[in-house]
Amino acid sequence: AELRRFRFVVKEASYKRLCEEKRILTVNGKFPGPTLKVHRGETIVVDVFNRGKYNITIHWHGVRQPRNPWTDGPEYITQCPIQPGSSFSQKVIFSKEEGTLWWHAHSGWFRTTVHGAIIIYPKPGAPYPFTNPHADVPIILGEWWKEDIVKIRQDFLESGGQPRDSDAYTINGQPGDLYPCSKQSMLKLEVKHGQTYLLRIINAALNEILFFGVAKHSLTVVGADACYTKPFTTPYIAIAPGQTMDCLLNADQQPDRYYMAARAYLSGAGVDFDHTTTTAMVHYADPYWPSPSPDMPKLPDFNDTSAALNCSYSIRSLNSQWHSVLVPKVITERIFTTISVNTLPCPANETCEGPDGRRLAASLNNISFVTPHIDVLEAYFYQISGVFGQRFPSFPPTVFNYTADGLPVELQIPRKGTQARVLRFNSNIEMVFQGTNLVAGIDHPMHLHGFSFYVVGWGFGNFDAQKDPLNYNLDDPQLRNTIIVPKNGWAAIRFKADNPGVWFMHCHFERHMTWGMETVFIVRSGRGPTQRVLPPPPDMPPC
Ligand code: C2O
Ligand code: CU
């Protein structure tokens, strides 16, 4: 059959928020961008036209793209950018994903406004593993800056310090009525008493994990990162940039108006924060006398680490029988990876706003990733040397107390490099992410392209290679593409390297990624004809 095609025209459009009009980059003039609706197992083609003035790439976050890294999208990792005036037809291959994902620009900080939902329905005729919802509601949590995002990023790079905070958080692009000039345009979700709504919640914010809830209503989490979960009912969720959560909302309260709201959870030390909150409204369509002031959801405090982590780590895969078979049991390779925010010396004749007048940086295993000028995939495929190295290390887990103060100097100052890690086809990989206490201990949403991984364990403090694996959950661990690694703690994930290609792995906090908190996995092809990377498309953007 013919593949369905979608048209994405990247172009500027004017939007008014917080009383001011501004030009932003969009897809098809929409903000948030268009929702892609597909069925499980479908392959589609998105024709991306760049009619803006900047280089751009588009990424399908959480789509495994079996054997097809070519159209995955991260700039200078799997492709060179689509230049203004050019286009790229991107095949998007859905396989086992079902639920909600999203797409976003993977170039500069353009994902701030260039993003949208992906809804993956069950195969035609197949049911949901829960009561059929009355309606689907994408809820995209994001951020708005009054200033141009190119300028915001530029200033951030020049200052060597932290980026400026956004001027508002948003729900479906709207700040909500706690912000000036935002009352009329606030999202209003109409519900009918007794009906159930599937909220497809996406965190598209650049730099913050968010709490989200609806006043007086509970949420039943039924999916996360396009994998179904055991139903889990909670007054609020915590969701990190990159993550998606499917939640059932039962309109089972007294008909009235109720706020839904999102608020930042800030795990870093020493942040002082004004509880900036973005709102939207749930309206019952049934007749009622509205109460004078609608209720607000009770969300945890901005520094409530245990609320955030308990929520994230309460999630379990549905269908344990299936997953307990698929979780890799015998590990071929364990890669132990420290995650650090660091500082580098301030270049002469510059002033840097980092701690002690230094420049902030970030690293995995003490390597601060340098983005190459030819993408790693093409360099690998065409054997172009000098673009990347294959020496991304694995640190010994127990040599240092990574979460204590005063780590040795060699762990404080990262080295710069473009180092990838080569994995054998079909090897079973365990990755242990270890947070460190350098500069500021903070949670990190770590994201892997090309795979979903099982989250088998987590804890505070140092990972203990002897004891901690004994407590792993190998029965019904959650299957994610992005996981929150706790501040001053660790998380362990497992996956089978059965998807040959070049796959980016990075912190989904935009500032951390810009500082170098990333690496690349190169999964070698297997011998069989269906175990090899597919041939490149003819219209790969030139480098
Ligand atoms: Cu949501 Cu590398 O991406
Ligand atoms: Cu991070």
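Values in this document were obtained by computation on a predicted structure and should not be read as measured data. (Residues numbered from 1 in each chain as written. Chains lettered and ligands numbered in written order. Predicted model: local features only at pLDDT ≥ 70, side-chain atom pairs only at ≥ 80, totals over all residues.)

Caption draft 1: Structural context of the sheet that holds strand β2 (residues 20-27). With mixed pairing, the 4 strands of this open sheet are ordered in space as β2-β1-β4-β6. A strand with exactly one partner marks an edge of an open sheet, and here the two such strands are β2 and β6 (87-93). The mean angle between the axes of side-by-side strands here comes to 25 degrees, regardless of whether they run parallel or antiparallel. Bridging between strand β1 (residues 4-17) and strand β4 (residues 43-50) involves 7 bridges; their strand directions are parallel. Paired with F6 across the two strands is V46, which belongs to β4. (Pairing = 2+ DSSP bridges. Helix = DSSP H or I, 4+ residues; strand = E, 2+ residues; numbered from the N terminus. Axes fitted to C-alpha atoms, helices over the stretch in contact; angles between N-to-C directions.)

Caption draft 2: A look at the sheet that holds strand β17 (residues 244-250). Read from one edge of the open sheet, 6 strands run β10-β9-β12-β17-β14-β15, paired in mixed fashion. The outermost strands of the open sheet, each flanked by one partner alone, are β10 (168-171) and β15 (227-234). Neighbour-to-neighbour, the strand axes of the sheet open up by a mean angle of 25 degrees, direction not taken into account. Of the strand pairs in this sheet, strand β9 (residues 135-144) and β10 are connected by 4 bridges, and their pairing is antiparallel. Counted as the bridge partner of L141 is I171 from β10.

Caption draft 3: Layout of the UniProt feature "domain: Plastocyanin-like" (unreviewed entry) in the protein. This chain's UniProt record puts "domain: Plastocyanin-like" (unreviewed entry) on residues 10-123, 136-285 and 393-525. Helix and strand shares over residues 10-123 are 0% and 46% respectively, and the end C-alpha atoms of the span are 30 Å apart. (UniProt positions renumbered as here; feature names shortened; annotations may be inferred.)

Caption draft 4: The pairing of β15, seen in detail. The sheet contact formed by strand β14 (residues 219-224) and β15 spans 5 bridges and is antiparallel. Across the sheet, A224 pairs through a bridge with C227, a residue of β15.

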